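Remarks on the overall topology
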Amino acid sequence: MGERSTKETVKALIDLTRAHFFPIWILLFSSGLALAFENYGDFSWAVTFKAVLIGSFGFGGGLVLNDLVDRKKDTLDVEGSLTAYWRPFKSRPLPSGRLSPNFALIIFLLLSGLTGLVMITLPYPNSFYVFFAMLLSCIFEYFYQIKRKSQNFPFAQLAGRMDFTLFPIAGYLCYGQPDMSVLLYLLFFYPWTLAHLAVNDFIDMENDKAREIKSIPVLYGTEGTLLWISGFTLVHYFTALLFLRQLGDIAFYGFISGFLVLGFANYKLLRKKSQKAGLLALFLYHVSLVLYSGSIIIDFLF
């Protein structure tokens, strides 16, 4: 019984932290760091190792916070497609009772504490920059979770997606300074996060209605959501072209590949307007993220 209980707890922790997505989050965080190495010269294995830990612990902690804040609303879910995409064992650990809220709180505090401990080992002022970026990210995440339950305009989405946007920025600031590259990375990534969020919510529309959450689909319906997704994808294309001026040839081809993937995702979603098309689009948005992040890193290495 004890072995089975331990195994189930581990599976629940994987679902809670979405651990199978960690390689993508590490790649995204490291893309910011790679750009800083490129701009400021030199390379440090020590800083890279610390950045990987900060990215892993920090994002994991943010996802646990998401589940803690939303645990009561999540009991109202009527459909599980999105849960199956994000969680390999296809269950939300807190509403299902596989983990207790107190245990999840301990995990959040542990991950946050570990993130903070690694941060302070970075040279000053980088340690301060990263701490401030990650603190803002948590504040934006909390605002998003609370505000989206009572709004008639998507303030929660517009402000809250800065939590995700700041993630590669924190990676950059592990080694670099606040500069034009940081601003252009932020402008490049922010509209992508807004389109990505709307794709996610498009899939989860029935659950958001049941939870009485004012997501983009609940506020604007299917057509309005598709307009939001395609509109912010187009803005993302434009800001990406500005950001590419900071990058090299390898990144250029990686970004063009990402553009094509996003274009196909939008095409399928606009044509089918179905949950199945939404799940494909969400997957393709993550593919584009890997292409962007990977090409920035390879651009630095070669």
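Cut-offs and rules
Residues numbered from 1 in each chain as written. Predicted model: local features only at pLDDT ≥ 70, side-chain atom pairs only at ≥ 80, totals over all residues. Heavy atoms only, no water. Helix = DSSP H or I, 4+ residues; strand = E, 2+ residues; numbered from the N terminus. Buried < 20%, exposed > 50% of the residue type's maximum accessible area, 1.4 Å probe, protein only. Contact = heavy atoms within 4.5 Å. UniProt positions renumbered as here; feature names shortened; annotations may be inferred. Core = buried A, V, L, I, M, F, W, Y, C linked by side-chain atoms within 4.5 Å. Salt bridge = Lys/Arg side-chain N within 4 Å of Asp/Glu carboxyl O.

With that settled, the discussion passes to the side chain of Asp163. Along the chain, the position of Asp163 falls in helix 8 (residues 162-173). Residue classification places Asp163 among the buried residues on the basis of a relative accessible area of 8%. Sequence-distant contacts of Asp163, defined by excluding residues within four places in its chain, comprise Ser137, Phe140 and Glu141.

Quick look at the UniProt feature "transmembrane region" (unreviewed entry) in the chain now. UniProt annotation of "transmembrane region" (unreviewed entry) refers to residues 21-37, 43-65, 102-122, 128-146, 224-244, 250-267 and 279-298 when read in the numbering used here. Between the C-alpha atoms that bound residues 21-37 the distance is 25 Å, and the span itself is 94% helix and 0% strand. For residues 128-146, the end-to-end C-alpha separation is 27 Å, with 100% helix and 0% strand making up the annotated structure.

Generally speaking, nonpolar side chains in soluble globular proteins are found buried as a group. Judged by nonpolar contacts, the single largest core of 72 residues is most densely connected at Trp25 and Phe255. Among the elements that take part in this core, helix 9 (residues 180-203) stands out by supplying 13 residues, more than any other. Setting aside its immediate chain neighbours within four residues, Trp25 contacts Phe59, Leu63, Trp86, Phe164, Phe167 and Leu289. Core analysis: the next-biggest nonpolar cluster, separate from the first, contains 12 residues, Ala12, Leu65, Val69 and Ala104 among them.

Below, the discussion takes up the pattern of salt bridges. Using the criterion set out here, one finds 16 salt bridges in the structure. Among the salt bridges present, the one from Arg211 reaches Asp204, with a minimum N-O distance of 3.2 Å. Looking at Asp204, the relative accessible area reads 5%, which means it is buried. Where Glu223 meets Lys273, a salt bridge forms, and the shortest distance between an N and an O atom there is 2.9 Å. Taken together, the residues Glu223 in helix 11 (residues 216-243) and Lys273 in the loop between helix 12 (249-272) and helix 13 (275-301) connect sequence positions 50 residues apart. You can call Lys273 partly exposed: its relative accessible area is 39%. Shared partners join several salt bridges into a network, and the residues in it are Asp74, Asp77, Arg92, Asp204, Asp208 and Arg211.

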